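Okay, here's what each chain looks like letter by letter:
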Amino acid sequence: ALGDPQRAGRFVHVAGTNGKGSVCAMIESGLRAVGLRTGLYTSPHLAEPTERIRISGRPVSTEQFVWAFAQVHLAAELALRDGRLEHHPTYFETVTAMALVLFREQAVKSAVLEVGLGGRLDATNVVRPQLCVITPIDFDHESYLGKSLEAIAAEKAGILKPGVPAVFAAQRPEVEDTLRAAAAAAGIQPVWTSRWQAEEVVLYPEGSRFVAAGPRHIRLECPLAGEHQVANALTALTALDCLGVPDEAVCDGIRQTHWPGRLERVSTAPEIILDGAHNPAGARALAAYIERFY
């Protein structure tokens, strides 16, 4: 009813448990650094719903958000009336459709989509992306995704599609086996982030700098705090490399990434840090950071 906005432009589709948002932000920043008009769709928002839909690094305006909602809401109401929809779209389905409509309307060339929950049945899985990325998988949303890591991984691997390249971050053994099987079933050879190793790592409270050693040696500076962000930066590097982004733009994009709510220092006297850790892996990363620097 909306004219298939999911077929307009190119997409990078990112699933996983932790690090999805940070990796999405770094990939989008790298694509923007190469001169592309970019889109970024993430969840949840921290202060305003408009944060979920970004164009060229900025949240859409209230007016754009309202306009997109009107388009999607009208299409849904007409489909309900005509019996083409059984239920009204959920909040997440509605905002996902709004993002796709806005990206098409604003002539976005390349958009990065963060999966909301799982992958296989997620609203974002309507796209046929240019690249799929799966960040580390851990326990989260077990009531929806399954009680075992294998079950959770199978749901997240549902974003994989035949002929679409994929990047996989380092995983637990049982998760790795599940992802390898899913990739084989889709007939794709995933690129693992382990092709790059972080060397000469210097961690400081506000971020890190290190050398990514792999096919080439690239000196990276990551402005996101926490040792786990080194691995996220390597995932973003691997994705951007697969997309053909030059090293200079990769470095600029990662260095210029802004991603609030993740070990974000909002005050120095007294020192106050905000973090959105909401599952065991996130809590471990937060604890490791506090232990290291405090």
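See the structure printed just above.
Below, the structure is looked at part by part. Nothing here was measured: the structure is a model prediction, and the numbers come from that model. (Residues numbered from 1 in each chain as written. Predicted model: local features only at pLDDT ≥ 70, side-chain atom pairs only at ≥ 80, totals over all residues. Heavy atoms only, no water.)

Looking now at the overall build of the protein chain. Looking only at helices and strands, one finds nine helices and 13 strands in the protein chain. In terms of overall size, the protein chain behaves like a compact globule, its C-alpha atoms giving a radius of gyration of 19 Å where 294 residues would be expected to give roughly 19 Å. Oriented by its inertia axes, the alpha-carbon framework of the protein chain measures out at about 60 × 50 × 40 Å. The 294 residues of the protein chain split such that 49% are buried. At a minimum sequence separation of 6, the contacts of the protein chain that also span at least 24 residues come to 65%. (Helix = DSSP H or I, 4+ residues; strand = E, 2+ residues; numbered from the N terminus. Rg over C-alpha atoms; globule rule 2.2 N^0.38 Å. Buried < 20%, exposed > 50% of the residue type's maximum accessible area, 1.4 Å probe, protein only. Contact = heavy atoms within 4.5 Å.)

Right, let's talk about the sheet that holds strand β4 (residues 58-59) for a bit. In space, the eight strands of this open sheet follow the order β4-β3-β2-β5-β1-β6-β7-β8, with mixed pairing throughout. Both edges of this open sheet fall to β4 and β8 (191-192), since each of them pairs with a single strand only. One ladder, built from three bridges, connects strand β2 (residues 38-41) with strand β3 (residues 53-55); its direction is antiparallel. Within β3, the position partnered with Tyr41 by the bridge is Ile53. (Pairing = 2+ DSSP bridges.)

What follows covers the packing of helix α2 (residues 62-81) against helix α3 (residues 91-105). It is at 9 Å that the axes of α2 and α3 come closest, and there the two elements cross at 115°. On the basis of the axis angle, α2 is roughly perpendicular to α3. Of the two elements, α2 crosses α3, and the hand of that crossing is right-handed. Counted together, Gln64, Phe65, Trp67, Ala68, Phe69 and Val72 of α2 and Thr94, Ala97, Met98, Val101, Leu102 and Glu105 of α3 form the full contact between these two elements. Within the contact of α2 with α3, the residues separate by chemical class into nine nonpolar, two polar and one charged. (Axes fitted to C-alpha atoms, helices over the stretch in contact; angles between N-to-C directions. Parallel < 35°, antiparallel > 145°, perpendicular 65-115°, else oblique. Left-handed = near helix turned anticlockwise from the far one by under 90°. Nonpolar A, V, L, I, M, F, W, Y, C, P; charged D, E, K, R; others polar.)

This brings us to the packing of aromatic side chains. In total, this model carries four aromatic pairs according to the counting rule given. Between the aromatic rings of Phe168 and Trp192, the centroid separation amounts to 5.2 Å while the plane-to-plane angle is 80°, which identifies the pairing as edge-to-face. Taken as a pair, Phe168 in strand β7 (residues 166-168) and Trp192 in strand β8 lie far apart in primary sequence, 24 residues in all. (Phe/Tyr/Trp six-rings, centres within 6.5 Å; stacked < 30°, edge-to-face > 60°.)

Let's shift gears to the pairing of β2. Here β2 shows a buried face lined by Thr38 and Leu40 and a second buried face lined by Gly39 and Tyr41. One ladder, built from four bridges, connects β2 with strand β5 (residues 110-114); its direction is parallel. The residue bridging Thr38 from the neighbouring strand is Ser110, located in β5.

Looking now at the environment of Ile27. By secondary structure assignment, the location of Ile27 is in helix α1 (residues 20-33). Spatially, the C-alpha atom of Ile27 lies 30 Å from that of His73, the residues being 46 residues apart in sequence. Those residues in contact with Ile27, other than ones at most four positions away along the chain, are Val12, Val14, Val112, Val133, Ala236, Ala239 and Leu240.

Overall, the coordinates contain 16 salt bridges when judged by the stated rule. Between Arg172 and Asp138 there is a salt bridge, with its nearest N and O atoms 3.1 Å apart. Here Asp138 lies in the loop between β6 (131-134) and α4 (142-145) and Arg172 lies in the loop between β7 and α6 (173-186), a separation of 34 residues in the sequence. Judged by relative accessible area, Arg172 falls into the partly exposed class, the value being 32%. Looking at Asp138, the relative accessible area reads 7%, which means it is buried. The closest approach of N and O atoms between Glu206 and Arg265, which form a salt bridge, is 3.7 Å. (Salt bridge = Lys/Arg side-chain N within 4 Å of Asp/Glu carboxyl O.)

This part covers a nonpolar patch on the surface. Where nonpolar side chains cluster on the molecular surface, the patch consists of Val266, Ile272 and Leu274 and spans about 240 Å² of accessible area. Residue classification places Ile272 among the partly exposed residues on the basis of a relative accessible area of 38%. (Patch = residues over 30% accessible without salt bridge, like charges linked within 9 Å, V, L, I, M, F, W, Y side chains within 5 Å. Areas by Shrake-Rupley, 256 points an atom, 1.4 Å probe, with all protein chains shown as cover.)

Right, let's talk about the environment of Gln171 for a bit. Mapped onto the secondary structure, Gln171 falls in the loop between β7 and α6. Residue Gln171 is classed as buried on the basis of its relative accessible area of 12%. Not counting chain neighbours up to four residues away, the residues in contact with Gln171 comprise Ile134, Thr135, Pro136, Ile137, Glu176, Leu179 and Trp192. Of the polar contacts made by the side chain of Gln171, one reaches the backbone oxygen of Thr135; its length is 3.0 Å. A polar atom in the side chain of Gln171 sits 3.3 Å from the backbone oxygen of Ala169. (Polar contact = N/O pair within 3.5 Å; in protein donor to acceptor, adjacent residues only side chain to side chain.)

Further remarks concern α2. Helix length check: α2 (20 residues) gives 28 Å between terminal C-alpha atoms against 28 Å at 1.5 Å per residue, within 8%. Considered for burial, the residues of α2 that qualify are Phe65, Ala68, Val72, Ala75, Ala76 and Ala79. The buried residues of α2 occupy one face: seen down the axis, they fall within an arc of 105°. Turned more than 90 degrees away from the buried face of α2, the exposed residues are Thr62, Glu63, Val66, Leu74 and Arg81. In this fold, the buried residues of α2 make contact with β3 and α3. Following α2 by one or two positions, Gly83 has its phi on the positive side, about 80°. (Expected span 1.5 Å × (residues − 1). Arc of directions from axis to C-beta.)

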